[in-house]
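Commentary on secondary and tertiary structure
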Amino acid sequence: MSRQVVREPRYRTLAETLAREVRADYAPGELLPGEALLARRFGVNRHTVRRALDELVAAGMVTRHQGRGTQVVDRRLDYALTAGSKVTHNLAEQGLASETRCLTLGLREAPEAIARRFERAAGESLLCVETLRHVDDAPLLRLRHWFDPARVPGFSERYRGGSTRALLAQHYGLHLSRRRVRIEALAADPDDSRLLQCAHRAPLLALTSDNVDADGALVEVSEGRARADRLAYHIDFDAPPSSMTPDEVFP
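Below, the structure is looked at part by part. The shown structure was predicted, so the numbers you read here are calculated from the model rather than taken from an experiment.

Sheets are built from strands paired through backbone hydrogen bonds, the pairs being either parallel or antiparallel. Spatially, the six strands line up as an open sheet ordered E4-E5-E6-E9-E8-E7, and their pairing is antiparallel. Either end of the sheet is taken by a strand with one partner, and the two such strands are strand E4 (98-109) and strand E7 (177-187). Averaged over all pairs of adjacent strands, the angle between strand axes in this sheet comes to 15°, irrespective of strand direction. The pairing of strand E6 (residues 138-147) with strand E9 (residues 218-227) spans seven bridges and is antiparallel. Opposite arginine 142, over in E9, you have arginine 225 as the bridge partner.

As structure tokens, this is what we get:
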């Protein structure tokens, strides 16, 4: 009886070779050779190269930039989570340029769990703002902000992108802080995969935050979904008393 030899697909063998080279020979931020050059070097077609690079993208080792090529991913970003930390400020302190793009904005029927936080009945509409945060031109964080529209009249006319916190401070005199945060692991759904440029069901870090004004009244509930291969949260329990307590972080 003959034995059938099962060979590993060519693109996976190439992906393993490229992964070893990336670890040994490339620094964060460097670009890999173009697909045509890699195809000639390894004696394969460009489709095989593209599938091999897809494997590296899914593993969080590289990211694709339109018009620039395939770039080795920088270090995993470390986000210090405190009551008052802001994404834009935190990234700027690390010397990273970021951009926030508005995806959708308008009144939307809130999920029951969100409506309860605002002491609203299920099915009531809240202002929903969906944004996508880019760092060094690569998508990092998908955010959904829920607001009581009565607290932020005219928000839809004013906001076109950028920091929502800056707009709240400038136009409404609202300086928010986190009252409660929930962190959990999720698998990327098709929309996450498309927007964050990650594999379907890739691991994500999901953070839901209740954000309050100076009087402790709820103004915003934010839901963030970030690539777990590109972002890590850290919580400093030696922070000043004004920061969150463990019970607030893990309710």
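Still more to cover.
Right, let's talk about the layout of surface pockets for a bit. It is a probe the size of a water molecule, rolled over the atoms, that shows where empty space is left. Approximately 180 Å³ is the volume attributed to the largest pocket. Lining the largest pocket are 14 residues, with Arg144, Leu186, Glu223, Gly224 and Arg225 positioned closest to its centre. Elements with a minimum of two residues in the lining of the largest pocket: E6, E7, strand E8 (203-212) and E9. For the lining of the largest pocket, the class distribution of residues is four nonpolar, two polar and eight charged.

Conventions used here
Residues numbered from 1 in each chain as written. Predicted model: local features only at pLDDT ≥ 70, side-chain atom pairs only at ≥ 80, totals over all residues. Heavy atoms only, no water. Pairing = 2+ DSSP bridges. Helix = DSSP H or I, 4+ residues; strand = E, 2+ residues; numbered from the N terminus. Axes fitted to C-alpha atoms, helices over the stretch in contact; angles between N-to-C directions. 1 Å grid on protein atoms, 1.4 Å probe; cavity = no way out; pocket = protein on both sides within 12 Å on 5 of 7 lines; lining within 4 Å. Points joined across faces, edges and corners; volume = space filled by probe spheres on them. Nonpolar A, V, L, I, M, F, W, Y, C, P; charged D, E, K, R; others polar.

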